[in-house]
Amino acid sequence: MTLLALNYSPEPTGNAPYTTALARRLVDDANVTAVTGFPHYPQWSRYEEYPGLWKRANDHGVDLRRVAHWIPNPPRGLKRLLSELHFGFHQMNVPWGRTDAAVLVSPALFASALCAVRLRFPRRIPHAVWVQDLYTHGMMETGEGSRAAVRIAKTVERWLLKDADAVVAIHPAMRERMIRDLGADPERTYVIRNWGHVAPSVSHKNDARARLGWEADARIVLHSGNMGRKQGLSTVVEAARIADQRGDDVTFVLLGDGAERAELEALADGVPTLRFIDPLPDELFSDALAAADILLVNELPGVKEMAAPSKLTSYFAADRPVLAAVDPEGIVAGILAEAGGGRVTGSGDPHALLDGALDYLVHPDEMAAAAAAGSAYWRSHLSEDAAITAWREVLATVTERKHQPTTL
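It should be emphasised that the depicted structure is a prediction, and the values quoted were computed from it without experimental measurement.

A. Quick peek at the overall build of the protein. Helix and strand counts for the protein stand at 15 helices and 16 strands. With the C-alpha coordinates aligned to their principal axes, the bounding extent of the protein is approximately 65 × 45 × 40 Å. Every one of the 408 residues in the protein was classed for burial, and the buried ones make up 58%. Long-range contacts, defined here as pairs at least 24 residues apart, represent 72% of the contacts in the protein between residues at least 6 apart. If you sum the accessible surface of the protein, you get close to 16,300 Å²; carbon and sulfur atoms cover 52% of it. Averaging the coordinates of the 43 positive side-chain charges in the protein and doing the same for the 51 negative ones gives two points 8 Å apart.

Take a look at the structure:
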């Protein structure tokens, strides 16, 4: 099996934990080759400890082949397109070895499309497309790209999904969108949810705070993960500014990195009720989630159905209540309603975000019930073992369409 993905370990967030886990778990069944980029996410700059243009390594039994590509910062518009094409051309031009099936991960959409073309020669190799974000809907919901750019992206995304032997969405609403708007075949389109990839902390909240150097009596609302455009985190900065101006007893924490971080830090200059924390290793990351009073999901106004944020799985596992400043009709709100794991307040309104957090904090029984419900949902719905079993079934269906391995 060949995995073709931009992101891979040691990137701590986004798609990388899932592509890495899938590759490593499937080595029990077959030879696995992963052709990926060099680590650069979420800060969109190459990790200094990974120099070079090409690298091959054994990663827990996975034949890992990394190829270099141009990394824009910020990754928007034409720069993002050129970056994906550059990566895709490099992916196409390294040996992939013998394979009887492939998994293409989108994004990167345009790199995946180039790899799908290569999978047709010298004979067609069956493949699945794993959709982590709906590319076209993302462009429309975040307002990136002209109408012509959106049409081009939609044409490519539609072709990629219709050409695939299987398409895997990470949420039922994404599956319906792909079928309705992008022509995916319902008989070949599956849902496999992203799973909780970070073990919950074993520390009590106060112990976790002591390890991190946080005040024991602070009231903390924490957002973790990528700081990009679709997260719309300027709303959190403004909520923190209003809290400072009003003297509200609350501290917002932005944990992670991303293309927008420098701009957010500049915007937050002089706001004592907001802290920025660099990405943490898994154990300390789990402690940070456990140390928060509320875990925050924040999205740009207009973002609704392009993705199901992977942070929710870690949030539920952390046994903490979630506050979601998102579209009340979107995917995140639907997941929270299904899980019973927290409250929803509208996106893009810093006053509503602040007031929602403050009101939540004075209802400890509601917070405890939401935390317990989210944790139970994580245990029953977001198991890695269940997801890998489902992937094995999808790949078995895909490989039935193939007869003999082909060297690529």
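Let us keep going from here.
B. Structural detail: the UniProt feature "domain: Glycosyltransferase subfamily 4-like N-terminal" (unreviewed entry) in the protein. The sites that carry the UniProt feature "domain: Glycosyltransferase subfamily 4-like N-terminal" (unreviewed entry) are, in the present numbering, residues 14-195. In residues 14-195, the share of helix is 40% and the share of strand is 20%. The end C-alpha atoms are 12 Å apart.

C. Seen up close, the side chain of Arg-320. If you trace the backbone, Arg-320 turns up in the loop between helix 11 (311-317) and strand 14 (322-325). Buried charge without a salt bridge: Arg-320, with Asp-319 as the nearest opposite-charge side chain at an N-O distance of 5.0 Å. A polar side-chain atom of Arg-320 sits 2.5 Å from the main-chain carbonyl oxygen of Ala-290. For Arg-320, the side chain forms a polar contact with the main-chain oxygen of Ala-292, separated by 2.9 Å. Ignoring any residue separated from it by four or fewer positions in sequence, one finds Arg-320 in contact with Lys-205, Leu-289, Ala-290, Ala-292, Asp-293, Leu-295, Tyr-315 and Ala-371.

D. Main features of the nonpolar core. Among the nonpolar cores identified, the biggest contains 99 residues, and Leu-3, Trp-130, Met-178, Leu-222, Phe-316 and Trp-391 are the most heavily contacted of them. If we skip the residues at most four places from it in the chain, Leu-3 touches Tyr-8, Thr-19, Ala-23, Thr-33, Ala-34, Val-35, Val-103 and Val-105. Counting 28 residues, the second-largest nonpolar core is a separate cluster that includes Val-221, Leu-264, Ala-268 and Leu-274.

E. The arrangement of the packing of helix 2 (residues 77-92) against helix 3 (residues 109-118) in detail. Helix 3 packs onto helix 2 with a crossing angle of 30 degrees between their chain directions and a minimal axis gap of 7 Å. Judged by the angle between their axes, helix 2 and helix 3 are roughly parallel. In this structure, the crossing between helix 2 and helix 3 has a hand that is right-handed. The segment helix 2 lies against helix 3, with Leu-81, Glu-84, Leu-85, Phe-87, Gly-88, Phe-89, Gln-91 and Met-92 engaging Leu-109, Phe-110, Ala-111, Leu-114, Cys-115 and Arg-118.

F. Molecular detail of the sheet that holds strand 14. Pairing is parallel in the open sheet, where 6 strands are placed in the order 12-11-10-13-14-15. Each edge of the open sheet is held by one strand with a lone partner, namely strand 12 (274-277) and strand 15 (342-345). Between one strand axis and the next, the sheet turns through 25 degrees on average, direction left out of account. Across 4 bridges, the pairing between strand 11 (residues 251-255) and strand 12 is parallel. Within strand 12, the residue paired with Leu-255 across the bridge is Ile-277. Across the sheet, helix 8 (residues 234-246) touches strand 11, strand 12 and strand 13 (294-298), and the angle it forms with strand 11 is around 155 degrees.

G. Structural view of the pattern of salt bridges. The final tally for this structure, using the stated rule, is 30 salt bridges. Notably, a salt bridge pairs Glu-384 with Arg-25, separated by 2.9 Å at the nearest N-O pair. With a gap of 359 residues between them, Glu-384 in helix 15 (residues 384-399) and Arg-25 in helix 1 (residues 16-26) connect regions that are remote in the sequence. With a closest N to O distance of 2.4 Å, Asp-163 and Arg-120 form a salt bridge. A residue pair is termed long-range when its members are at least 10 positions apart, and Asp-163 in helix 5 (residues 147-163) and Arg-120 in the loop between helix 3 and strand 7 (127-131) qualify at 43 residues. In the salt-bridge network here, residues are joined through shared partners; they are Arg-120, Arg-124, Asp-163 and Asp-165.

H. Structural context of the environment of Ala-368. Mapped onto the fold, Ala-368 is located in helix 14 (residues 364-381). Taking the C-alpha atoms as reference points, Ala-368 and Leu-382, 14 residues apart in sequence, are found 20 Å from one another.

I. Molecular detail of the pairing of strand 3 (residues 54-59). Bridge analysis of strand 3 against strand 4 (residues 62-67) gives 6 bridges, and the strand direction is antiparallel. Pairing of Lys-55 across the sheet is with Arg-66, part of strand 4. Following strand 3, the chain reverses through 2 residues before pairing antiparallel with strand 4; His-60 in that reversal takes a positive phi of roughly 50 degrees.

J. Quick look at the confidence of the model for the protein. Per-chain confidence: the protein averages 92 in pLDDT, with 97% of residues scoring 70 or above. The weakest mean pLDDT in the protein belongs to strand 16 (residues 406-407) at 51; the strongest belongs to helix 8 at 98.

K. Here's a closer look at the pairing of strand 4. Counting buried residues in strand 4 gives 6 out of 6 residues, a clear majority hidden from the surface. Burial of the side chains of strand 4 extends over both faces: Val-62, Leu-64 and Arg-66 are buried on one face and Asp-63, Arg-65 and Val-67 on the other. As paired strands, strand 2 (residues 33-37) and strand 4 are joined by 5 bridges and run parallel to one another. Each bridged residue has a counterpart across the sheet, and for Gly-37 the counterpart in strand 4 is Val-67.

L. Broad picture of helix 2. Across its 16 residues, helix 2 extends 23 Å between first and last C-alpha, which sits within 8% of the 22 Å expected from 1.5 Å per residue. What helix 2 keeps buried is the set Ser-83, Glu-84, Phe-87, Gly-88 and Gln-91. Axial view of helix 2: buried residues confined to an arc of 130 degrees, hence all on one face. For helix 2, the secondary structure elements touched by its buried residues are strand 1 (2-4), strand 2, strand 4, helix 3 and helix 4 (135-142).

M. Structural view of a nonpolar patch on the surface. Taken together, Trp-70, Leu-78 and Leu-82 make up a surface patch of nonpolar side chains, about 310 Å² in accessible area. In this structure, Trp-70 sits in the loop between strand 4 and helix 2.

Analysis parameters
Residues numbered from 1 in each chain as written. Predicted model: local features only at pLDDT ≥ 70, side-chain atom pairs only at ≥ 80, totals over all residues. Heavy atoms only, no water. Helix = DSSP H or I, 4+ residues; strand = E, 2+ residues; numbered from the N terminus. Buried < 20%, exposed > 50% of the residue type's maximum accessible area, 1.4 Å probe, protein only. Contact = heavy atoms within 4.5 Å. Areas by Shrake-Rupley, 256 points an atom, 1.4 Å probe, with all protein chains shown as cover. Lys, Arg positive; Asp, Glu negative; His and termini not counted. Charge placed at Lys NZ, Arg CZ, Asp CG, Glu CD. UniProt positions renumbered as here; feature names shortened; annotations may be inferred. Salt bridge = Lys/Arg side-chain N within 4 Å of Asp/Glu carboxyl O. Polar contact = N/O pair within 3.5 Å; in protein donor to acceptor, adjacent residues only side chain to side chain. Core = buried A, V, L, I, M, F, W, Y, C linked by side-chain atoms within 4.5 Å. Axes fitted to C-alpha atoms, helices over the stretch in contact; angles between N-to-C directions. Parallel < 35°, antiparallel > 145°, perpendicular 65-115°, else oblique. Left-handed = near helix turned anticlockwise from the far one by under 90°. Pairing = 2+ DSSP bridges. pLDDT = per-residue confidence, 0-100. Expected span 1.5 Å × (residues − 1). Arc of directions from axis to C-beta. Patch = residues over 30% accessible without salt bridge, like charges linked within 9 Å, V, L, I, M, F, W, Y side chains within 5 Å.

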